[in-house]
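Chain residues, written in single-letter form:
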Protein chains: 2
Amino acid sequence: MIEKIDHIGIVVRDLQNGIKLYTEGLGLKVESIEESEEFQTKLAMLPCGEVLIELLEPTGAGMLQDFLNNHGEGLHHIAYKVSNINEALEKASKTFELRDKTPLPGAGGSRIAFLNPASILNVETEFVEK
Amino acid sequence: MIEKIDHIGIVVRDLQNGIKLYTEGLGLKVESIEESEEFQTKLAMLPCGEVLIELLEPTGAGMLQDFLNNHGEGLHHIAYKVSNINEALEKASKTFELRDKTPLPGAGGSRIAFLNPASILNVETEFVEK
């Protein structure tokens, strides 16, 4: 059901500073920058092999702003690429609790859904269908 | 300098429970299980595309036990595969502070080193040379 890791989400206070560190310091390149109304965030995608590093700067109230307020900057989630998100959610629901029972609009026109992290070792876990 | 993401480290309280969730729930398979004296941990590696999910159960005092005590289970670090770790550390030191100035023995006979997370958005960041 899982094809690969699609991206790793990192919450940052300032997107430009995050981009500077990951490009100048680690040599990654920015592939795209966009805003998500759904998740109240600006985000930049930086490919690293077959995975994207997703830098997320919260722009309003929501899950990402809460994380920044409670934990500060840092690693936020792992997103797994699946071919069929409805099928993946149904399968996952046998082991995990779903936070999103139906997919939401994600970056780059994708469909995404999160599990309830309490059911998977406190790891924010996302499925992405592109 | 970075080839790809080598693995994502997740701290768990109980390795067998972690393995159960990631195999039964997400359909991943265990590639290897080992212990690290250096990092006082048992660890399991589960491939997902070109990346490994590394489940870490602390076995004694150290960075991982501290994380478990302070934060509970959860996402711990991103490890980047580099071809030459000494070169990678020298380059990274222009932008980041190094926690490990010289490489330490890592899983599977690798050589590894961590950056100081305070210098990279509070993300525990590891370089791995295999």
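Below or above, wherever it landed, is the structure these notes cover.

How each quantity is defined
Residues numbered from 1 in each chain as written. Chains lettered and ligands numbered in written order. Predicted model: local features only at pLDDT ≥ 70, side-chain atom pairs only at ≥ 80, totals over all residues. Heavy atoms only, no water. Salt bridge = Lys/Arg side-chain N within 4 Å of Asp/Glu carboxyl O. Helix = DSSP H or I, 4+ residues; strand = E, 2+ residues; numbered from the N terminus. Buried < 20%, exposed > 50% of the residue type's maximum accessible area, 1.4 Å probe, protein only. Contact = heavy atoms within 4.5 Å. Buried area = accessible area lost by both parts, 1.4 Å probe. Least-squares fit on C-alpha atoms with pLDDT ≥ 70 in both. Pairing = 2+ DSSP bridges. Axes fitted to C-alpha atoms, helices over the stretch in contact; angles between N-to-C directions. Disulfide = S-S within 2.5 Å.

A short note on the pattern of salt bridges
One pass over the structure, following the stated rule, counts twelve salt bridges over all chains. Put simply, Glu57 of chain A and Lys42 of chain A hold a salt bridge, and the shortest N to O gap is 3.7 Å. In this pair, Glu57 of chain A sits in strand S4 (residues 51-58) while Lys42 of chain A sits in strand S3 (residues 41-48), placing the two residues 15 residues apart along the sequence. Owing to a relative accessible area of 14%, Glu57 of chain A belongs among the buried residues under this scheme. For Lys42 of chain A, a relative accessible area of 28% translates into the label partly exposed. Measuring nitrogen to oxygen at the nearest pair gives 2.8 Å for the salt bridge that ties Glu3 of chain B to Lys81 of chain B. Pair noted here: Glu3 of chain B is in strand S1 (residues 2-11) and Lys81 of chain B is in strand S5 (residues 74-82), with a separation of 78 residues, a long-range link.

Notes on the environment of Tyr22 of chain B
Mapped onto the elements, Tyr22 of chain B comes out in helix H1 (residues 15-25). For the pair Tyr22 of chain B and Val11 of chain B, spaced eleven residues apart in the sequence, the C-alpha separation amounts to 13 Å. For Tyr22 of chain B, the contacting residues outside a window of four places in its chain are Tyr80, Ile120, Leu121 and Val123 of chain A together with Ile10, Gly27, Leu28, Leu46, Ile53 and Leu55 of chain B.

Structural notes on the interface of chain B and chain A
The interface of chain B with chain A comprises 37 residues on the first partner and 37 residues on the second. Between chain B and chain A, the buried area comes to about 3,000 Å², and carbon and sulfur atoms account for 75% of it. On the chain B side of the interface with chain A, the three residues burying the most area are Leu26, Leu75 and Leu121 of chain B, jointly 24% of the side's total. Linking chain B with chain A are zero salt bridges, by the criterion used here.

As for the relation of the copies chain B and chain A
The transform that puts chain B on chain A rotates by 180 degrees and translates by 0.0 Å along the axis, for an RMSD of 0.0 Å. Each copy turns onto its partner about a two-fold axis. Mapped onto chain A, 100% of the interface residues of chain B are again interface residues, and the two copies thus contact each other with one and the same surface.

Some points on the sheet that holds strand S1 (residues 2-11) of chain A
Residue and element names in this part refer to chain A. What the eight strands build is an open sheet, ordered S2-S3-S4-S1-S5-S8-S7-S6; its pairing is mixed. This sheet does not close on itself; its edge strands, each paired only once, are strand S2 (32-36) and strand S6 (104-105). In terms of strand pairing, S1 meets strand S5 (residues 74-82) through eight bridges, oriented antiparallel. Bridge pairing in S5 links Gly9 to His77. Packed on one face of the sheet, helix H2 (residues 63-71) meets S1, S3, S4, S5, strand S7 (111-114) and strand S8 (124-129) and runs near 145 degrees to S5.

Considering the state of the cysteines
Summed over all chains, the structure comprises zero disulfides over all chains. Cys48 of chain A carries a free sulfur, and the closest cysteine sulfur to it, the one in Cys48 of chain B, is 15 Å from it. On the basis of relative accessible area, Cys48 of chain B is assigned to the buried category, the value being 3%.

Quick word on the pairing of S5 of chain B
Residue and element names in this part refer to chain B. Within S5, eight of the nine residues are buried, which leaves the element mostly enclosed by the surrounding structure. The pairing of S5 with strand S8 (residues 124-129) spans five bridges and is classified as parallel. When the sheet's bridge partners are listed, Ala79 is paired in S8 with Glu126.

Re the pairing of S4 of chain A
All names here are of chain A. Within S4, eight of the eight residues are buried, which leaves it mostly tucked inside the rest of the structure. Of the pairings in the sheet, the one linking S1 to S4 comprises five bridges and is parallel in character. By the bridge assignment for S4, Val11 is matched with Leu56. Relative to S4, S3 is paired through eight bridges, and the arrangement is antiparallel. Directly across from Met45, in S4, lies its bridge partner Glu54. Count of turn residues in the S3/S4 antiparallel hairpin: two residues, of which Gly49 carries a positive phi of about 60 degrees.

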